[in-house]
Amino acid sequence: MNKGKIFKLAKGFRGRAKNCIRIARERVEKALQYSYRDRRNKKRDMRSLWIQRINAGTRLHGVNYGNFMHGLMKENIQLNRKVLSEISMHEPYSFKSLVDISRNTFPGNKNVVIPPRKVAI
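Presented here is a report on the structure given in the accompanying data block. Everything numeric here is computed off the predicted structure, so don't read it as measured data.

## Thoughts on a positive patch on the surface
Taken together, the side chains of R39, R40, K42 and K43 define a basic patch exposed on the protein surface. In this structure, R39 sits in helix α2 (residues 21-59). A relative accessible area of 43% means that R39 is categorised as partly exposed.

Pasting the structure below:
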């Protein structure tokens, strides 16, 4: 990379990392490595968040995440985790129908007892 491109990428850095070419080059290279790595980590983190949301929604209806997803797979309902998490948050009645379909399809879901809710005193 030439000087101009490095200084353009180093804009906003602190200290000599924004105006000294040797330090700027090192900082820009490291910043590009971080951005490459974190683009992959972002996908991982989002998938984890979607799974947590789906699990919270299914446990309200007495089913755990693994059994819910297995029931959907058996029923050939092909909704991805992002869509399922949005449905669980914004459309609880539609999500309950999906949980019921999964529960009826997979026998591991039927004997689950819904835990009683704690009442605030």
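## Some thoughts on the pattern of salt bridges
If you walk through the whole model with that rule in mind, you get three salt bridges. The shortest N-O distance in the salt bridge between D38 and R37 comes to 2.9 Å. The structure contains a network of salt bridges with shared partners spanning K96, D100 and R103.

## Here's the deal with the side chain of T58
Structurally, the position occupied by T58 is in helix α2. Given a relative accessible area of 0%, T58 falls into the buried group. If we ignore the near neighbours within four places in the chain, the residues touching T58 are V63, N64, Y65, F68, F95 and V99.

## Points about helix α5 (residues 92-105)
Taking 1.5 Å as the rise per residue, α5 with 14 residues should run 20 Å; its terminal C-alpha atoms sit 20 Å apart, in good agreement. The complete set of buried residues in α5 reads F95, L98, V99, S102 and R103. Down the axis, α5 shows its buried residues gathered within 140° of arc, on one side only. Structural note: α5 exposes Y93 and N104 on the side pointing more than 90 degrees away from its buried face.

## Points about the nonpolar core
Within the largest apolar cluster, eleven residues are counted, these being I54, V63, Y65, F68, M69, L72, L84, I87, F95, L98 and V99. Listing elements by their share of this core, those giving two or more residues are α3 (65-74), α4 (81-90) and α5. Ignoring sequence-local partners within four residues, the contact set of L84 consists of I54, F68, M69, L72, L79, F95 and L98.

## Things to note about a nonpolar patch on the surface
A contiguous nonpolar patch, built from M1, L9 and L32 and spanning about 280 Å² of accessible area, is present on the exposed surface. Structurally, the position occupied by L32 is in helix α2. Given the relative accessible area of 41%, L32 is considered partly exposed.

## Notes on α2
With 39 residues, α2 should cover 57 Å at 1.5 Å per step; its first-to-last C-alpha distance of 56 Å lies within 8% of that length. The set of residues buried in α2 consists of A24, V28, N41, W50, I54, G57 and T58. Turning to α2, the residues buried within the fold contact α1 (3-9), α3, α4 and α5.

Calculation criteria
- Residues numbered from 1 in each chain as written.
- Predicted model: local features only at pLDDT ≥ 70, side-chain atom pairs only at ≥ 80, totals over all residues.
- Heavy atoms only, no water.
- Patch = residues over 30% accessible without salt bridge, like charges linked within 9 Å, V, L, I, M, F, W, Y side chains within 5 Å.
- Areas by Shrake-Rupley, 256 points an atom, 1.4 Å probe, with all protein chains shown as cover.
- Salt bridge = Lys/Arg side-chain N within 4 Å of Asp/Glu carboxyl O.
- Lys, Arg positive; Asp, Glu negative; His and termini not counted.
- Charge placed at Lys NZ, Arg CZ, Asp CG, Glu CD.
- Helix = DSSP H or I, 4+ residues; strand = E, 2+ residues; numbered from the N terminus.
- Buried < 20%, exposed > 50% of the residue type's maximum accessible area, 1.4 Å probe, protein only.
- Contact = heavy atoms within 4.5 Å.
- Expected span 1.5 Å × (residues − 1).
- Arc of directions from axis to C-beta.
- Core = buried A, V, L, I, M, F, W, Y, C linked by side-chain atoms within 4.5 Å.

Everything listed here is a matter of geometry and, on its own, says nothing about what the molecule does.
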